[in-house]
Amino acid sequence: MAAPCVFWGTAVSYRLFLGGRVSLALRQGVWKAAAAELQILRLRHTTGVTAKKNVAALKRETYTVDFIKKQIEEFNIGKRHLANMMGEDPETFTQEDIDRAIAYLFPSGLFEKQARPIMKHPEQIFPKQRAIQWGEDGRPFHFLFYTGKQSYYSLMHEAYGKLLDVEKRQNQLQAKGLFSEKTKTKDLIGSRWLIKEELEEMLVEKLSDQDYAQFIRLLERLLTVECSAEEEEFVQRFRRSVTVQSRKQLIEPLQYDGQGMAFSTSEGKRKSAKAEAIVYEHGSGRIKVNGIDYLLYFPVTQDREQLMFPFHFLDRLGKHDVTCTVSGGGRSSQAGAIRLAMAKALCSFVTEEEVEWMRQAGLLTADPRVRERKKPGQEGARRKFTWKKR
Amino acid sequence: MLTRTSRLVSGARRLDPGRLLHAGSQAPQSLAAPLDNQAPDDSPRAVSRTSEKDPARHGEQHEGLHYNIPLQDMRTLFPHSLPPRFSMQVKTFSEACLMVRKPALELLHYLKNTNFAHPAVRYVLYGEKGTGKTLSLCHVIHFCAKQDWLILHVPDAHLWVKSCRSLLPSTYNKQRLDQPAEASIWLKNFKTTNERFLSQIKVQEKYVWNKRESTEKGSPLGEVVEQGIMRVKNATDAVGVVLRELKGQSSLGGFRLLVAVDGVNALWGKTTLKREDKSLVAPEELALVHNLRKMVKNDWHGGTIVLTLSQTGSLFKPRKAYLPQELLGKEGFDALDPFIPILVSNYSPKEFESCIQYYLENSWLQHEKAHTEEGKKELLFLSNANPGQLERLCAHL
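All figures in this text were calculated on a predicted structure; none of them were measured in a lab.

1. Description of the overall build of chain A
Piece 1. The helix and strand inventory of chain A stands at 13 helices and eight strands.
Piece 2. Taken across its 390 residues, chain A has 33% of its residues classed as buried.
Piece 3. Pairs at least 24 apart in sequence give 64% of the contacts found in chain A among residues at least 6 apart.
Piece 4. Of the accessible surface of chain A, which amounts to about 25800 Å², a share of 55% is contributed by carbon and sulfur atoms.

2. So, the nonpolar core
Nonpolar side chains in soluble globular proteins generally cluster together in the buried interior.
Piece 1. Grouped together as the largest cluster of nonpolar side chains are 58 residues, with contacts concentrated most on B:Leu152, B:Phe190, B:Leu246, B:Leu257, B:Val261, B:Val264 and B:Leu336.
Piece 2. In terms of residue count, the dominant contributor to this core is helix α11 (residues 235-250) of chain B (seven residues).
Piece 3. Every residue in contact with B:Val264, bar those within four places of it in the chain, is listed here: B:Leu307, B:Thr308, B:Leu309, B:Leu328 and B:Leu336.
Piece 4. Residues A:Ala343, B:Ile356, B:Ala385 and B:Cys394 belong to the second largest nonpolar core, which totals 52 residues.

3. Overview of the layout of surface pockets
Piece 1. Considering only enclosed or pocket space, the largest pocket measures out at about 1300 Å³ in volume.
Piece 2. As for the largest pocket, its lining consists of 45 residues, of which B:Pro83, B:Gly130, B:Gly132, B:Gly388 and B:Arg392 are closest to the centre.
Piece 3. When contributions to the lining of the largest pocket are tallied by element, the ones reaching two or more residues are α10 (294-297) of chain A together with α4 (84-93), β2 (96-99), α6 (133-146), α14 (349-361) and α16 (387-396) of chain B.

4. Details of the packing of helix α5 (residues 102-112) of chain B against α6(B)
All names here are of chain B.
Piece 1. Here α5 crosses α6 at 30°, and the two axes come no closer than 9 Å. Remark: the crossing between α5 and α6 carries right-handed chirality. Residues Ala 104, Leu 107, Leu 108, Leu 111 and Lys 112 of α5 form the contact with α6, whose participating residues are Ser 136, His 139, Val 140, Phe 143 and Cys 144.
Piece 2. Within the contact of α5 with α6, the residues separate by chemical class into seven nonpolar, two polar and one charged.

Parameters at a glance
- Each chain has its residues counted from 1, following the order in which its sequence is written.
- To read the labels, note that chains go from A and ligands from 1, taken in the order they are written.
- Local features are withheld for residues below a pLDDT of 70 in this predicted model, meaning they are given only at 70 or higher, and side-chain atom pairs are given and counted only at 80 or more; totals for whole chains, interfaces and linings count all residues.
- No hydrogens and no water enter the side-chain calculation; it runs on all heavy atoms of the structure.
- Strands here mean DSSP runs of E at least two residues long; helices mean DSSP runs of H or I at least four residues long; both are numbered from the N terminus.
- Burial status follows relative accessibility: with a 1.4 Å probe on protein chains alone, a residue under 20% of its type maximum counts as buried, one over 50% as exposed, and anything between as partly exposed.
- Working rule for contacts: check all heavy atoms of both residues, and any pair within 4.5 Å makes them a contact.
- Calculation of accessible area relied on Shrake-Rupley with a 1.4 Å probe; when residues are assessed, cover is drawn exclusively from the protein chains displayed.
- Take the buried residues of types Ala, Val, Leu, Ile, Met, Phe, Trp, Tyr and Cys, join any two whose side-chain atoms come within 4.5 Å, and each joined set is a nonpolar core.
- Buriedness for pockets is judged along seven lines, at least five of which must meet protein on both sides within 12 Å for an open set on the 1 Å grid over protein atoms alone, while cavities are sets there where a 1.4 Å probe fits but cannot get out, and lining residues have an atom within 4 Å of a point.
- Grid points are joined across faces, edges and corners, and a volume is the space filled by probe spheres set on the points.
- In this analysis an axis means a line fitted to C-alpha atoms, helices contributing only their contacting stretch, and an angle means the value between N-to-C directions, from 0 to 180 degrees.
- Take the far helix as your reference; a near helix turned counterclockwise from it by less than a right angle gives a left-handed crossing, and one turned clockwise gives a right-handed crossing.
- As a working rule, the residues Ala, Val, Leu, Ile, Met, Phe, Trp, Tyr, Cys and Pro are called nonpolar, Asp, Glu, Lys and Arg charged, and the rest polar, with Gly in that last group.

Below is the structure:
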């Protein structure tokens, strides 16, 4: 069943190709040179296994080069118009400015960020498509075309070629006696290899897990030997930087009041309760909430345990005085808001390592849980009406 | 190990008080001295008890320490009137230990130096919820009992102004209302507490209860009390009679009178009682309350009045109110003015340590972290050194 379909598919595609050949003739010359590289150009038709119904394949969006070019021109003109509208300099109008301008001119209340109006460069909007892989005579441009994964194998070939070069150079140096050991590991910290999806996107080709693993092994082997600057650059193309999460934590600066006592202020939120806490450096563990002692303000033990958590975690139970104000929410959310505010304020009295511990304990993260909306047709947010069989 | 040795030490002390009890109240003075000398030696181990039985001899050095009240005394002095949680604790530990605290010591000092020729001085114990006002009152009552005073103790005045089943129009005064049930209970307890005085005090006037019964002039007070207990309908009037007699006769100097009322803000607040026609009853329309108000007025001498404010049982008062002005209202404040206010506050660090030690000695805290420093700090934070809260927290451990 499958085989005759495929055959028919390829026959049809060949005929299509012949039909379109005339229009392509003008562009072939330009493309022959360009096709050797991996460019983002439009797809004419697919090679390999096509779908059973060619109608579906025909219906796939094809963006001609003209179309993309026109889109890019329109985008640039539109950008300049937008800059004029906003009263800014068209020359130095960046993508962030565009985003801000669009958000201002077309305010949208939609929750899904990707459904809101966007204006971006066509390269980011239209999906990347493969170039035409062969010329007029049907001969493919790339020498590895018939492997099926030409870009992947060409990349492997290139990397291995570089490895061989480096080893040859090392042998030459060793022969001359100028070989010197040098290890460099500093490049690896703070960066990671490309993941498989990113590599697929870069090569515009499907990969298997084993292919990906093989490629990464080759690159790592390349790193172990000493290589020159261009090989470094080649490898760095396949690495992405990784930001350390904890460095994003803001540490409040200390302030000093009239008596010279150090204190620190910060805010916290939970559900609809907002709290602001001022933690003094030296004290005896007294906490005042809205001017009332915390024992009277929170008669429930659970709330007081929440307040105790940051201090108990850092082993500073009786050492700080706190004054806080809180509004909104209920009993439990006020306690949670004060806890967050106190933990953030304590960051400024504590070492970086302890801040990292607090973050891992979840003391510095605002609880994102909010009351879920009630949906129509249901009794509550999740509860459905009683199901009656008849 | 620590708890076992400390228990051994306290066990040794417990045996001695037992022997002291049988020897009488004179002997403790000689034997108490060497035992008290032991107490400072144990201070590195955070002592929580003292063997000083007599409240009269409690002084600054006993502050923060628990002293034992013999169960016999407990039954006579407080037949009904301990706070429920404390009486549960007494039953569990099978001993009653009160902590000696500064407000109580202050009050005892004043009481020792009262001049009985002057009108009775009023002391009002006030403070936040759970700080120990009622137990301080109990300490004072124990002291007065040891000193052989006559004790008029109203355990909770709030009980008289709410949830009363039976309200009868008063036989004595048509406009007032009687509460036979509460009055008879109170008379029974009064009898238990002050047995020996009832035969000594003689009634000054003749009281006619109904067509068949009357009390002659000169008969002992015990008869009035019996009358009230037997004839429940006349119980409230009997209470009124008792109060009037005691007030009149204490000035004569035959005995010293201590009026101790807990929850005195009930006398001037609102009630939740209604008549048959669903109209609210004001406190002065209740005969018991009326008589008690007269008692609390300082127009007699020969004794003292010690009062406690309480928000816990009060009606229509906000939770955070604890000052006399807030709880008594304008009327009550004016009626009680002038008085000496005594603030009862949360535990000091020393008292807190002592309390924890007491619980540890009685193996009340079973959590493995309870005797460590961090555990104590946690408890301190969570209870904020409030005795009531601490007790409730420790009940879980």
